[in-house]
Structures are given as structure tokens and as C-alpha cells.
Amino acid sequence: MSSRPVRVRFAPSPTGALHMGGVRTALYNYLFAKQHGGKFLLRIEDTDQTRFVPGAEEYILEALAWCGISPDEGQGVGGPHAPYRQSERKPLYRQYADQLIAAGNAYYAFDTPEDLELVRERAKAAGNPNWQYNSITRTAMKNSLTLPAEEVDRRLAAGEPYVIRVKLPRNEEVKFQDRIRSWVSVNTLNLDDKVLLKGDGMPTYHLANVVDDRLMDISHVIRGEEWLPSAPLHILLYRFFDWEAPEFAHLPLLLRPDGNGKLSKRDGDRLGFPVFPLRWVSPETGEVSSGYRERGFLPEAFTNMLAFLGWNPGDNRELFSLAELVDAFNLDKVHKAGARFDFEKAKWFNQQFLRALPAAELAQKVAADLTRRGVAVPAPHVLEGACSLLLDRAVFPQDVYENGPYLFHTPQGYDPEMMGKKWTDTSAEHLRALAQRFATVEPFAAEALESNFKSYLAESGQGFGQLGPVLRLAITGVTVGPSVFETMGLLGKTESLERIESICRAH
Ligand code: GLU
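Residues numbered from 1 in each chain as written. Predicted model: local features only at pLDDT ≥ 70, side-chain atom pairs only at ≥ 80, totals over all residues. Heavy atoms only, no water.

Draft legend 1. Layout of the site of the ligand. If you check the shell around the ligand, you find Arg9, Ala11, Pro12, Ser13, Glu45, Tyr205, Asn209, Arg223 and Trp227 and nothing else. Interatomic distance of 2.8 Å between a backbone N/O atom of alanine 11 and a nitrogen atom of the ligand. Contacts to the ligand include arginine 223, whose side-chain N or O atom sits 2.8 Å from an oxygen atom. Expressed as a share of its isolated accessible area of 290 Å², the protein-covered part of the ligand is 86%. Residues of the shell around the ligand, tallied by class, amount to four nonpolar, two polar and three charged. (Near = heavy atom within 4 Å. Polar contact = N/O pair within 3.5 Å; in protein donor to acceptor, adjacent residues only side chain to side chain. Areas by Shrake-Rupley, 256 points an atom, 1.4 Å probe, with all protein chains shown as cover. Nonpolar A, V, L, I, M, F, W, Y, C, P; charged D, E, K, R; others polar.)

Draft legend 2. Structural context of helix α1 (residues 20–35). In this model, α1 (16 residues) spans 22 Å end to end at C-alpha, consistent with the 22 Å of a helix rising 1.5 Å per residue. Taken across its 16 residues, α1 has 14 buried, putting it largely inside the fold. Positioned one or two residues after α1, glycine 37 has a phi angle of 60°, which is positive. (Helix = DSSP H or I, 4+ residues; strand = E, 2+ residues; numbered from the N terminus. Expected span 1.5 Å × (residues − 1). Buried < 20%, exposed > 50% of the residue type's maximum accessible area, 1.4 Å probe, protein only.)

Draft legend 3. Inspection of the sheet that holds strand β4 (residues 106–109) at higher detail. Across the sheet, three strands lie side by side as β4-β5-β8; this open sheet has antiparallel pairing. If you trace the sheet from one side to the other, it starts and ends with β4 and β8 (195–197), each paired once. Neighbour-to-neighbour, the strand axes of this sheet turn through a mean angle of 45°, independent of strand direction. In terms of strand pairing, β4 meets strand β5 (residues 163–166) through four bridges, oriented antiparallel. (Pairing = 2+ DSSP bridges. Axes fitted to C-alpha atoms, helices over the stretch in contact; angles between N-to-C directions.)

Draft legend 4. View of the packing of aromatic side chains. For the structure shown, the criterion picks out 32 aromatic pairs. Relative to tyrosine 162, the ring of tyrosine 108 lies with its centre 5.1 Å away and its plane at 90°, an arrangement referred to as edge-to-face. Linking tyrosine 108 in strand β4 with tyrosine 162 in the loop between α5 (149–157) and β5, this pair joins segments that are 54 residues apart in sequence. In this structure tyrosine 108 comes out as buried when scored by relative accessible area, which is 14%. Aromatic ring contacts, followed pair by pair, group Trp66, Phe273, Tyr292, Phe297, Phe302, Phe341, Phe343 and Phe396 into a single cluster. It is arginine 155 that lies over the ring of phenylalanine 110; its NZ or CZ is 5.2 Å from the centre. (Phe/Tyr/Trp six-rings, centres within 6.5 Å; stacked < 30°, edge-to-face > 60°. Lys NZ or Arg CZ within 6 Å of the ring centre and 35° of its normal.)

Draft legend 5. Representation of empty space enclosed by the protein. Taken as a whole and judged by the stated rule, the model has one cavity of 30 Å³ or more. Approximately 40 Å³ is the volume attributed to the largest cavity. In terms of residue class, the lining of the largest cavity is made up of three nonpolar, no polar and five charged. (1 Å grid on protein atoms, 1.4 Å probe; cavity = no way out; pocket = protein on both sides within 12 Å on 5 of 7 lines; lining within 4 Å. Points joined across faces, edges and corners; volume = space filled by probe spheres on them.)

Rendered as C-alpha cells:
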């Protein structure tokens, strides 16, 4: 490993909501920085103005903040290399493109979009659908390598539109060592002369990315595998500039649950789970995509789950706080193969974190859910009691209400099928007799209620299977759930007895 101080960056383009794969990239960068006492930067790569989406940058900042992945430097926090938004750094890139031209590693290309379209069409007709502007084809194009110097000067002086392209060497092996993929080797014959500076003076991703990584003193580039094909070009640019290249680590793709291809934005709601950390409403189409936060995920569970998509500690530990991940994470142990996403596992993580929450914190989350639904929040001891009664079945805070609405208001009705099966002509009579006994129980607590119920069964000759479900229907409206006596204890005497009377009156 190089001895440079660790400085890594997450460099998203604000082209829409941040995909969970992007959050994982940010997370791995963050973990790596923290465990090396380094810095984690956030840079916004918005040089492609045609793909700019309003609100996307704010979304990225909010998503990272929700996950607790806070940058030490960069957009939203500032720092010595500001600005951290590339569009605001535009004037800075030009000199680097000029430097490459002066050294013979880049050139002006005057080909119009129509010219390019034409050669592509011709190549296609001749059986080559993948025409590229490269070290071979450039010799037949309109650029400063083929045009006489005076003509180039004349065109530049006349302000004719042009782009600056990198001049790749022909037939050269570019090799570099990736922290995850080991040695990567690509022949320049397979690469094209990418545009570095566009007609409007804006740099492309390649130029801006390399220049900024250099100016921001980035030591390690940790990014998604989709950028691996760009790495040889970046390596060459470092060489042309005579700069020390950062180390590279290309992270495995996130795959769909069936392993069939990349987990894309479109898969999300179609497959029944979010692919975005937060809810996103597309400003272009109005389309709404769900988010992990709104779905009821705890940020700690979400980041723990993400960390495990492509890495694990090599033993059977699975539950980690962010701080514990900082200690345990190992970039060199990140897998090469794509990581298959498993929503059931994601839910499992959430369940574990939900169970581990301090009672008051869980109660707070459930209260927020109740308020969103317009359901009155009960007294703290009732709320906490309800949470602990229903926690076993809950994956998300909202499951507490969904699995036990009767803990928060009277039953909205009685399960008709179970009523048909269990309610008999004598049910009301027995329930009223039971209610009389329960009325004497003080304090009104589960254990005493249960023993009173049992003695009533013995005395009246009723079986548990006859009266138990009927009592539960009275209290909850349904026949499944936690202990009915615990439930009654929580609801209190007045409410419980009223519910018993209500079902009797109605049937
Ligand atoms: N702007 C690129 C992206 O959107 C950054 C790739 C990189 O990290 O070099 O992911």
C-alpha cells in the first residue's frame, strides 16, 4: 500500500436519486477512510449538464446524512479544495487539456456531429456497428493530427466548434493493479480517443475526475465496477500528466435477487422492495420511488446490510454498528463476484436492530407512525408495553400498529369467520360472568386475570377452546396475537370491560 495519507472520495453525478449501490460505494469509502485515520470527501460530478436533475444533489446529501456517512470535506461541508461541485470548477480544467495538447497527448477534433453520424452509418453499412474514434480511425477524421497546422490555427481563430480528444497510443498494454480485481490489463486498441473537453468548454467526466482526484490529493479511488473500463484511460492520463496515480478498487455490482443482472433503478418497486435509500419523486415524470427510510428501515440496519453486499468479516458475526464496521471492514476482502441482493435478509437486519433499540426509542418511532396514521398516541407506559408485546412479530416500527391496532383503539369489527365458528348462544352470558370476576381483579394484571379465567373455566365446565377465542375476539377483534391477558392488562380495567360488554351487546 502506498504511504500517502488516505483521502478517498465519493463522486456521484446528480442525475436522479442515489441508488443503494451508490450508497454502498460511499459507505466503503467512508469505512476505509475512517479505519486509516483518513478523510472522506464528497464531490459532485455535474459536468454533464444534459443529465442534471434538480433536487438530486440535495437528495444525495440527505441520504448520506440519514445513513450517518458524513463527509469530512466536500459539498455541503466545505474544505480546503472548494468548490466541490465540478460545474463551479469549470475554468480550472481547460489548462490541463491545453497541457495535454502541448505534450502531444491530446488533439483538437473539428468533426461535426453530422460528420460523426455519417462515418458511423458508413461503418455500419460495411458491417461494423461499433465504429470508434480511435488511434486508427482518427487518421481519416478532421482533427489537428490530420489538418495542416495553419488550418487548425485558422479554425481556432475563427472560433469554429471543436472538442479536445485524448490521443491514445496505438497497441499498448495498459496494466494496473486493482485492490479487488488484482492485475487488470487492457490493450489501447480496445479503447477510444475519448473527448476530454467538450465544445462548451466543459470537461467530460474523465478529465474532470482525474484532475480533481489529483488536486484533491485522492489516494484511493474506490468506485463501482461500471467504471472499470474507464480506469485504463485514467491511468494513461496520470501518466501523461506525470502524476502519481491513486490506487484503484472497483467494487462488485449489486445483482438482482435471482442473480440475473444488475439491480437497476427500474427493478425496485417492480420487485417489491426499494432500491433507493429515501423516497424519490422524479421532477421530470412525477414518478414516485419508495425508499428504505420511509419503508421503516433503521439507518444502522440499512448500512449493516449494505456493508455485507460484497464483503463479510470471514466469521459468523453479522451485526455491526457503523463504528464496528470501521474496525472490521477490509477492502482487500471485498469480493470480485457480483453481490446478490436479498430483501428478506435486509428485513432480517432491520428486525435485529429494531429488537436491540432501547424501549423509549422504539416507542418514539412507533409514536411517529401512529401520528402519521392519525391514531392517538397512548400514554408512554402503554405505548412501551404495546411495543414489547408486539416486538416479536415486528420487522418495522409500523408493524406494531399493523399487528395490533386493538392496542391503540377499540376493534373496528370482529373476524366474521371466527365469530361464526366460536360465538354461541351462551357466549355473551359467559363473557358477562367473566367480566364480573375481572372487575374485582386489582391490580388489573395478566397473571391474576389468567388465574381468574382458569378458575371460571373450571367452575362453569367450559373448555379453553370455547371461551378463550371468544374473549380474545372481544378484546382484539381477531383470534391471533400476543397473550390476551397481557393485552387486557395493558388496556386497563375500564377499557377491557367495556370491550367485553360491547361484543355482548352487538351479538
Ligand atoms: N461521477 C461518477 C459516478 O457518477 C464517479 C465515478 C468515480 O468514482 O470515478 O459514479
